[in-house]
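Observations on chain architecture
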Amino acid sequence: MNDSEKTKEQLLAELARVRQQLAALEATHVGCRGVKEALQICREKLSMYMDSGCDGFLLLDQNLDVVELRGTVLSQYGVDPSKFIGRNLVELAPYAAETERVERYREVLRTGVTFVAEEMIPDRRFGGEAIRLSLRAFKMGDGMAIVTTDITERKQAEERLRQSETRYRLLAENVTDVIWTVDLNQRVTYVSPSVKRVLGYDAEEVMGQTLADTASTFQPILKAFQAPLSLTWYRKRGTPRSWTKVHRLFRKDGSAVWCESTASFLRNEDAKLVGILLGVTRDITQRKRSRDALRRSESQLRLLSRRVIEVQEEEAARIARELHDQVGQELVALGMEIASAAEQLGSSPALRERAMRALDLVDRLDTTVHRIAVGIRPEVLDDLGLVKAIQWFAEDFERRTGISCPADLPSRPVNMDDSSAICAYRIVQEALLNVWRHAHATQAKIKVTVRGDVVSVGVSDNGVGVDLKQLSDASSLGLMGMRERASLVGGRLSVRSRPGKGFSVVAVLPIDSCPKRPTAVSGGGQ
């Protein structure tokens, strides 16, 4: 019994005693003004208490007839007190007889033992939803008092809490990830049943484990979050954040499993830490295996691509040498034979003229073969290095296309290995080819700079430019090839462009190629 309930009973008991004393005095015709005044004061106090409180009061006689109705009982039962004074409780609440409540009330009158119960009033007299009441019936004089308290909101809150707990429990029990909580002592206070599927342990085996337990299943998880979360705890405030860690755990059967855990401290409405660490652990073993397999496949593909490019360059060099040496020498020999025949045909002007035309055709064919050989593999790249090769190609590009092509080149030769040098030359070659095909430019610029152990090779134009987001796969094949070449030697390639603002390509390549550690590339492709 709490203090408020004691006060109610004490006031009601005092009123009963005063009533009995007054009845006795009136029966003996003894007037006692002081007693009447005391009774009046007691009545006023009790009336004020009952009217101002949150409870309802029913005063019943020994026959369970209503003597008085006060407080919130009027709104709880939806009654007019003038119509129910003197009437029996069963008439006021007929469902009380149906639930054997009346017998319990009579037992209170017989034994004096307080009766406590809860009931739901189906419907208020004036409409509205059903309400839940807490009833406390106790003997008062010859009759009985019933104190009613509206507990509808409390019951509704308890029901919402129960439903919330049920939803959380169903979520925790059926989720595939492991949900867990840890207190400030680094002790596991909760773990979801899904830990059985992920690690093979029952939840009861894991709960209670701490960081100090060397055999703890959760020790790698607790150790991973110990430092950052302790720092957060001492800060007390700050922007709420979470941490994600990847670690290897061991199942109950000893097998290893890779997991990803995300954890953070819970905070209250004032953003203060409440000292509970909430975490979610996910099995990423299959994802990690797939990622590792993809990386191995990408690495093998890059090695294969590098080898394909190397074979292409070797084959191009071989073809260029054969065109220059074999075909070139044979064309020279053919020219000499035609020139000799032309001299012997001096007596026939018509035949001599045809021989001279044939000799001119051989010269043009020799020039064409030389140009093809140089395009496949320029001799100047092998003989004089990257700088001279780019300068020669820029001059040849300007002469053949009419597009101005100034080149800003280092004054000294760049000592690059063959793979990086060929890559730089091919990127310049492909970039200028794109300028001629797509840019509608009047000028293209080449810039080569050396910074430490890397070489930057850039080609820009003043053409129409392009929106990189709108490039189609077909139009980006040239840049895709340049990016792949740069990546295979450990470099990177980036592009910049806007419609009407021209187009630029910049490749940053190592002086010594590093095929085993290709670098991720950036930018778009054309």
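See the structure shown above.
Residues numbered from 1 in each chain as written. Predicted model: local features only at pLDDT ≥ 70, side-chain atom pairs only at ≥ 80, totals over all residues. Heavy atoms only, no water.

Comments concerning the side chain of histidine 247
Position of histidine 247 relative to the elements: it lies in strand β8 (residues 243-250). In terms of polar contacts, histidine 247 uses its side chain to reach the side chain of serine 261, at 2.9 Å. Filtering out sequence-adjacent residues up to four positions away, histidine 247 remains in contact with Pro220, Ile221, Ala224, Phe225, Val257, Trp258, Cys259 and Ser261. (Helix = DSSP H or I, 4+ residues; strand = E, 2+ residues; numbered from the N terminus. Polar contact = N/O pair within 3.5 Å; in protein donor to acceptor, adjacent residues only side chain to side chain. Contact = heavy atoms within 4.5 Å.)

Examining unusual backbone geometry
One non-glycine residue, leucine 64, adopts positive backbone phi at about 65°. Mapped onto the elements, leucine 64 comes out in the loop between β1 (55-60) and β2 (66-71). A positive phi angle, close to 55°, is found at histidine 440, a residue other than glycine. Using a relative accessible area of 66% as the deciding quantity, one classes histidine 440 as exposed. (Buried < 20%, exposed > 50% of the residue type's maximum accessible area, 1.4 Å probe, protein only.)

Re the layout of surface pockets
Counted as a void, the second largest pocket has a volume near 270 Å³. As for the second largest pocket, its lining consists of 14 residues, and the residues nearest its centre are Ile309, Glu310, Glu313, Ser419 and Ile422. Only α12 (285-344), α16 (418-439) and α17 (477-488) provide two or more residues apiece to the lining of the second largest pocket. Sorting elements by how many residues they give to the lining of the second largest pocket places α12 first, with 6 residues. Among the residues making up the lining of the second largest pocket, the classes are represented as 6 nonpolar, 1 polar and 7 charged. (1 Å grid on protein atoms, 1.4 Å probe; cavity = no way out; pocket = protein on both sides within 12 Å on 5 of 7 lines; lining within 4 Å. Points joined across faces, edges and corners; volume = space filled by probe spheres on them. Nonpolar A, V, L, I, M, F, W, Y, C, P; charged D, E, K, R; others polar.)

Structural notes on the sheet that holds strand β13 (residues 454-461)
Strands sit in the order β11-β12-β13-β15-β14 across an open sheet of 5 strands; the sheet is mixed. Each end of this open sheet is capped by a strand with a single partner; those strands are β11 (407-408) and β14 (492-497). Pairing analysis gives 8 bridges linking strand β12 (residues 444-451) to β13, with the strands arranged antiparallel. Bridged to lysine 447 within β13 is glycine 458. Where α17 meets the sheet, it contacts β14 and β15 (503-510), and its direction lies at approximately 145° from that of β14. (Pairing = 2+ DSSP bridges. Axes fitted to C-alpha atoms, helices over the stretch in contact; angles between N-to-C directions.)

Concerning the side chain of serine 194
Inspection of the secondary structure puts serine 194 in the loop between β7 (188-191) and α9 (195-199). From its side chain, serine 194 meets the backbone oxygen of aspartate 177 in a polar contact 2.6 Å long.

Some thoughts on the pairing of β7
Relative to β7, strand β6 (residues 178-182) runs antiparallel, the two being bridged by 3 bridges. Within the sheet, the bridge partner assigned to threonine 181 lies in β7 and is tyrosine 190. Between the end of β6 and the start of β7, which pair antiparallel, lie 5 residues, with glutamine 186 showing a positive phi angle near 60°.

So, α17
When the terminal C-alpha atoms of α17 are compared, their 16 Å separation across 12 residues agrees well with the 16 Å that a helix rising 1.5 Å per residue should span. Just past α17, the residue glycine 490 takes up positive phi, approximately 85°. (Expected span 1.5 Å × (residues − 1).)

Brief notes about the pairing of β12
Of the strand pairs in this sheet, β11 and β12 are connected by 2 bridges, and their pairing is parallel. Note on β12: the bridge partner recorded for alanine 407 is isoleucine 446. Between β12 and β13, which pair antiparallel in sequence order, lie 2 residues; one of them, glycine 452, sits at a positive phi of approximately 65°.

A short note on the packing of α16 against α17
Interaxial distance between α16 and α17 falls to 10 Å at its minimum, and their mutual angle equals 165°. Considering their axes alone, α16 and α17 lie roughly antiparallel with respect to each other. As for the relative orientation of α16 and α17, their crossing is left-handed in sense. Two secondary-structure elements touch here, α16 through Ile422, Cys423, Arg426, Ile427, Glu430, Ala431 and Asn434 and α17 through Gly478, Met482, Arg485 and Ala486. Broken down by class, the residue content of the contact of α16 with α17 amounts to 6 nonpolar, 2 polar and 3 charged. (Parallel < 35°, antiparallel > 145°, perpendicular 65-115°, else oblique. Left-handed = near helix turned anticlockwise from the far one by under 90°.)

Some words on the pattern of salt bridges
In the structure shown here, the tally under the stated rule is 18 salt bridges. The shortest N-O distance in the salt bridge between glutamate 118 and arginine 154 comes to 3.8 Å. Highlighted residues: glutamate 118 in strand β3 (residues 115-121) and arginine 154 in helix α8 (residues 152-174), separated in sequence by 36 residues. Relative accessible area serves as the criterion here: at 36%, glutamate 118 is assigned to the partly exposed category. Each of Glu118, Arg132, Arg154, Lys155 and Glu158 takes part in salt bridges that share partners, so that together they form one network. (Salt bridge = Lys/Arg side-chain N within 4 Å of Asp/Glu carboxyl O.)

Observations concerning a nonpolar patch on the surface
Taken together, the side chains of Leu301, Leu304 and Val308 make up a nonpolar region of the molecular surface, amounting to roughly 270 Å² of accessible area. In this fold, leucine 304 is placed in helix α12. (Patch = residues over 30% accessible without salt bridge, like charges linked within 9 Å, V, L, I, M, F, W, Y side chains within 5 Å. Areas by Shrake-Rupley, 256 points an atom, 1.4 Å probe, with all protein chains shown as cover.)

Points about the nonpolar core
Among the nonpolar cores identified, the biggest contains 43 residues, and Met416, Leu432, Ile446, Leu493 and Leu509 are the most heavily contacted of them. When contributions to this core are tallied by element, the ones reaching two or more residues are α14 (379-384), α15 (386-401), α16, β12, β13, α17, β14 and β15. When residues in this core are grouped by element, the largest group, 11 residues, is from α16. If we skip the residues at most four places from it in the chain, leucine 432 touches Phe393, Phe397, Cys405, Ala444, Ile446 and Val459. Residues Val178, Leu222, Val257 and Ala263 belong to the second largest nonpolar core, which totals 23 residues. (Core = buried A, V, L, I, M, F, W, Y, C linked by side-chain atoms within 4.5 Å.)

Considering the environment of leucine 59
Within the element layout of this structure, leucine 59 appears in strand β1. Residue classification places leucine 59 among the buried residues on the basis of a relative accessible area of 3%. Along the chain, leucine 59 and methionine 144 lie 85 residues apart, while their C-alpha atoms are 6.1 Å from each other.

Comments concerning the packing of aromatic side chains
Inspection of every chain in the model, using the stated rule, returns 3 aromatic pairs. Relative to phenylalanine 115, the ring of tyrosine 105 has its centre 6.1 Å away and its plane inclined at 70°; by these criteria the two rings are edge-to-face. Residue tyrosine 105 is found in helix α7 (residues 101-111), and its partner phenylalanine 115 is found in strand β3; the two are separated by 10 residues along the sequence. Residue class for phenylalanine 115 comes out buried when judged on its relative accessible area of 9%. Taking the centre distance of 6.4 Å and the plane angle of 55° together, the rings of tryptophan 392 and phenylalanine 393 count as tilted. By relative accessible area, tryptophan 392 is classed as partly exposed at 32%. Ring-pair connections join several aromatic residues into one group, and the members of that group are Trp392, Phe393 and Tyr425. A cation sits over an aromatic face here: lysine 288 above tryptophan 258, 4.5 Å from the ring centre. (Phe/Tyr/Trp six-rings, centres within 6.5 Å; stacked < 30°, edge-to-face > 60°. Lys NZ or Arg CZ within 6 Å of the ring centre and 35° of its normal.)

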